[in-house]
Amino acid sequence: MKAKKDGVSLFLSIVTHAAAIITILCLLFIIAYILIRGIPNLTPSLFEWEYTTDNVSMMPSIINTIIVVILTLLIAGPIGIFSAIYLVEYAKRGSKLVKVILLTTETLSGIPSIVYGLFGSLMFVISMGMGLSVFAGSLTLAIMVLPTIMRTTQEALVAVPDSYREGSFGLGAGKLRTIFRIILPSAVPGIMSGIVLSMGRIVGETAALIYTSGTVAQVCTNIFAPGSTLAVHMYRLMSEGLYTEQACAVAVVLLVFVIIMNSLSSYLGRKLAKG
Amino acid sequence: MNKFLKGMLALGLSATALVGCSSGGDDAQSDEGTASGAITVVSREDGSGTRGAFTELMGIEEDGTDNTTSSAQITNSTSVMMTTVEGNSYAIGYISLGSLNDTVKAVTVDGVEATVENVESGEYTVSRPFLVCTTEDISELGQDFMNFIMSDEGQAIVEEEGYIPRETTGAFTSNGASGDLTVGGSSSVTPVMEKLAEAYEEINTGANVSVQQSDSTSGAENTISGVYEIGMCSRDLTEEEQSKGLTPTTIALDGIAVIVNKENAVDNLTTDQIKQIYTGEITDWADISE
Amino acid sequence: MQLRENAMRIVFMLAACFSIVAVFFICFYLFINGLPAIAEIGPLNFLGGMEWRPNNDIYGIFPMIIGSIYVTAGAIVVGVPIGILTAIYMAYFCPKKLYKIIKPAVELLAGIPSIVYGFFGLVVIVPLIQDAFHTSGNTVLAASILLGIMILPTIVSVSEASLQAVPDSYYEGSLALGATHERSVFFVCLKAAKSGVLAGVILGVGRAIGETMAVIMVAGNQAVMPGSLLSGVRTMTANIVLEMSYATGLHREALIATAVVLFVFIMIINLSFSALKRKEAKS
């Protein structure tokens, strides 16, 4: 039934399997490593409400992380979705403006997070006088995750069959109504998976936040106060070498965050596939 | 299915191989104490307070020129420094005395052990000041906190944390000011400052002190611009900073421990040897063991 | 009614222009703060200078530029073949059951914060290199391997998606012509998915060149030209993070200027990639 394998095919088969095994091993190794180092250090005192130098609780940072995620998505979400709507539903393909927008979006997605951090610190923190604050951090991150939201929304919108649009127009609905009532709802799972992807990126970000939202391990009382997210908290715990064990425990919590986010996004993805 | 089985088999095999590798590595490391081998020099980044003090005291810096060998590894974190030295039998580095633990070995310098007592008595000379800087328009609360830091109670905390206290101003009595106070700056000073703030808040319950960790430079700059009321510095203030109205107060001394791997047979280094290691004149441990 | 339609149209357009504004501001702030330093140091001295001694006001970032290139090249050598092959495995070789485990696992690898990778590299990869070569482990090699692992998920997931998008008829046609499974996959399907795979690689390269927190822990960070795979190296990103906290005056501006150079690098990569894409679309 099958063609007999020649040398080349055999070789290709071997390298492919070898590569897959290397990847899987790396993965297992890293995850096992994090769990082994971290789990023994996960103590209840790490989840107390107040951060003190005795318990180095990560609870304030968890809360800050949630605040930063929400704020960032509030800023980047609408802008990203609206610009995707413009690109898909309004703009003429291949117009100058579209070309420039696509190019700048690509540029944004390629900029290293440290450059975002410097930019955020120069513009928001210093020039605009926000100081190290959660708000400055969220603005910086919003620009950073914008391309992700734009791209996934764009894909989701393009995937909506044209017959939906034609049907809606045919029934006499305006363009705006068609977009908000017909197209967006059927693209929701795709948009959501983009938003979840960005959440993952926000949670894991360190370099861009150190210079913008500060490293204070207290719950930020208002959005103009500084506060560290979980990843920044881990960086801080590591930097003076006093709390390395606790840093490992934070890594486990970060891992759990990522797992939750990924399963959420793949769940949404499946929903999208089912239609 | 056959392919699947083969894949799993290969996976298992390579896993065993990997385990074998890593345990083999452990064997190699458990050699008896190293006495020879190329030295891995680890230093802090340019401008770090720890590095500044270290290079100056060891004579590595001459006439304002830092002669640290360009082949020295650089890190910006105490933790990375310690992990590097912990994992490399041939490494040498230096850290704040307060961060020292038993994963690495602190060598004696000119025969003197790096302890709080020896720094205090002046026998162990490798130390640097922890500063706080303030401006003239410090609030009553800020002044009260400063008084606390320099009091018996405050300096007792400094000593407890492994740093060297300064002369105290006697027992502390609060002036009763309340409100919010922001202290920020050097990451080296932050751990002890957090302890001080917690103790102070217990005495003066109306006060809320938040400690922000950034770095010496932004500590000073933000104090000038009024973002912080008290800035923390782990280096001396520059003339430019002082001319802008900052007054430094030394709240503690921090000893700098010279650390090597636990496997290392060397227990003592002279100032001269350390200087030669860091300037690249001595590159092998064999040249040290007398 | 018409008014609302038009108003919203403008709102959408403004939102779309936001990314242009953002890029403009990023350029503006970086250049305003970085270019004066380059001018003061002298572009040649800055870009081509072999020495970085901020204490003596010598700012040459040539070793760092080379460092970034070395480390990125190393990451490509380590990560790209393994990544593409893994993607091929997942798309064409993998049993269904295993796929259900590998796929989320690769996604997990993509989500792990870089600082965790850095710590992992410092305690696992660095000592391994130390034992193998009896030198210090903080080397170009360590950074390359770590970055290679870090860019794996990007390359795997993008390449896999584009391989999945290749019509089954290609593969079937090739089989029907008598090619083996492997030959069909590599010489027909992979060829068809070329541009998608390339996009994945470019994304990976971008991530490698911009990575900071992980590299800083394993690279050694000596500001000199790396002599070999086993010497330490400082990348441009590491240079910024290492010294930003203490820098003042010209030193600080020189660090921002380093970010400008990094930014220009990324721009060049992106522009050449989109030029490549356009050329492909035409042919």
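Residues numbered from 1 in each chain as written. Chains lettered and ligands numbered in written order. Predicted model: local features only at pLDDT ≥ 70, side-chain atom pairs only at ≥ 80, totals over all residues. Heavy atoms only, no water.

Moving on, we get to the overall build of chain A. Counting its secondary structure elements, chain A contains 10 helices and zero strands. Its helices and strands in sequence order give chain A the pattern α-α-α-α-α-α-α-α-α-α, from N to C terminus. Overall size of chain A, expressed as C-alpha extent along the three principal axes, is 65 × 65 × 30 Å. For chain A, contacts bridging at least 24 residues in sequence account for 72% of all contacts bridging at least 6. Roughly 11,200 Å² of accessible area belongs to chain A as shown, and the carbon and sulfur atoms make up 68% of that amount. Charged side chains of chain A number 18 positive and 12 negative; the gap between the two group centres comes to 15 Å. (Helix = DSSP H or I, 4+ residues; strand = E, 2+ residues; numbered from the N terminus. Contact = heavy atoms within 4.5 Å. Areas by Shrake-Rupley, 256 points an atom, 1.4 Å probe, with all protein chains shown as cover. Lys, Arg positive; Asp, Glu negative; His and termini not counted. Charge placed at Lys NZ, Arg CZ, Asp CG, Glu CD.)

Before going further, it helps to examine the UniProt feature "transmembrane region" (unreviewed entry) in chain C. All names here are of chain C. UniProt annotation of "transmembrane region" (unreviewed entry) refers to residues 12-32, 60-93, 105-129, 141-163 and 254-276 when read in the numbering used here. Each end of residues 12-32 is marked by a C-alpha atom, and these two atoms are 30 Å apart; helix forms 100% of the span and strand 0%. With 100% helix and 0% strand, residues 254-276 has its two end C-alpha atoms placed 33 Å apart. (UniProt positions renumbered as here; feature names shortened; annotations may be inferred.)

This brings us to the domain arrangement of chain A. All names here are of chain A. Splitting chain A by domain gives domain 1 (2-40) and domain 2 (45-274). Spacing between the C-alpha centres of domain 1 and domain 2 amounts to 32 Å. Contact with domain 1, which involves six residues of that partner, is made by six residues of domain 2. Together domain 1 and domain 2 conceal approximately 460 Å² of surface at their shared face, both sides included; 84% is due to carbon and sulfur atoms. Interface area lost by domain 1 to domain 2 is led by I34, R37 and G38, which between them contribute 74%. On the surface where domain 1 and domain 2 come into contact, there are zero salt bridges. For the pair domain 1 and domain 2, the interface holds zero residue pairs in polar contact (both at pLDDT 80 or more). (Domains from an automatic or database assignment. Buried area = accessible area lost by both parts, 1.4 Å probe. Salt bridge = Lys/Arg side-chain N within 4 Å of Asp/Glu carboxyl O. Polar contact = N/O pair within 3.5 Å; in protein donor to acceptor, adjacent residues only side chain to side chain.)

What follows covers the pairing of strand 12 (residues 230-233) of chain B. All names here are of chain B. Here strand 12 shows two buried faces, one formed by I230 and M232 and the other by G231 and C233. Two strands pair when backbone bridges link them, and strand 8 (residues 127-134) and strand 12 are joined in this way by three bridges, in the antiparallel orientation. Bridge pairing links L131 to C233 in strand 12. Of the pairings in the sheet, the one linking strand 10 (residues 179-185) to strand 12 comprises three bridges and is parallel in character. Paired with V183 across the bridge in strand 12 is I230. (Buried < 20%, exposed > 50% of the residue type's maximum accessible area, 1.4 Å probe, protein only. Pairing = 2+ DSSP bridges.)

A few words now on the environment of B:V116. Residue and element names in this part refer to chain B. Note on placement: V116 falls in helix 4 (residues 116-121). Given the relative accessible area of 14%, V116 is considered buried. Along the chain, V116 and L253 lie 137 residues apart, while their C-alpha atoms are 9.3 Å from each other. With sequence-adjacent residues up to four places away left out, V116 is seen in contact with L97, E159, G162, Y163 and I164.

Our next topic: unusual backbone geometry. Even without a glycine there, the phi angle at B:D110 is positive, about 55 degrees. For B:D110, the position within the fold is in the loop between strand 7 (108-109) and helix 4. Phi is positive for C:N221, which is not a glycine, with a value near 65 degrees. Among the structural elements, C:N221 can be located in the loop between helix 10 (215-218) and helix 11 (236-244).

Remark: helix 4 (residues 113-127) of chain A packs on helix 1 (residues 2-41) of chain C, axes separated minimally by 10 Å, with the N-to-C direction vectors making an angle of 85 degrees. When the interaxial angle is binned, helix 4 of chain A and helix 1 of chain C end up roughly perpendicular. From helix 4 of chain A, A:V115, A:Y116, A:F119, A:L122, A:M123 and A:S127 reach across to helix 1 of chain C, where they touch C:F25, C:I26, C:Y29, C:L30 and C:N33. Partitioning the contact of helix 4 of chain A with helix 1 of chain C into residue classes produces nine nonpolar, two polar and no charged. (Axes fitted to C-alpha atoms, helices over the stretch in contact; angles between N-to-C directions. Parallel < 35°, antiparallel > 145°, perpendicular 65-115°, else oblique. Nonpolar A, V, L, I, M, F, W, Y, C, P; charged D, E, K, R; others polar.)

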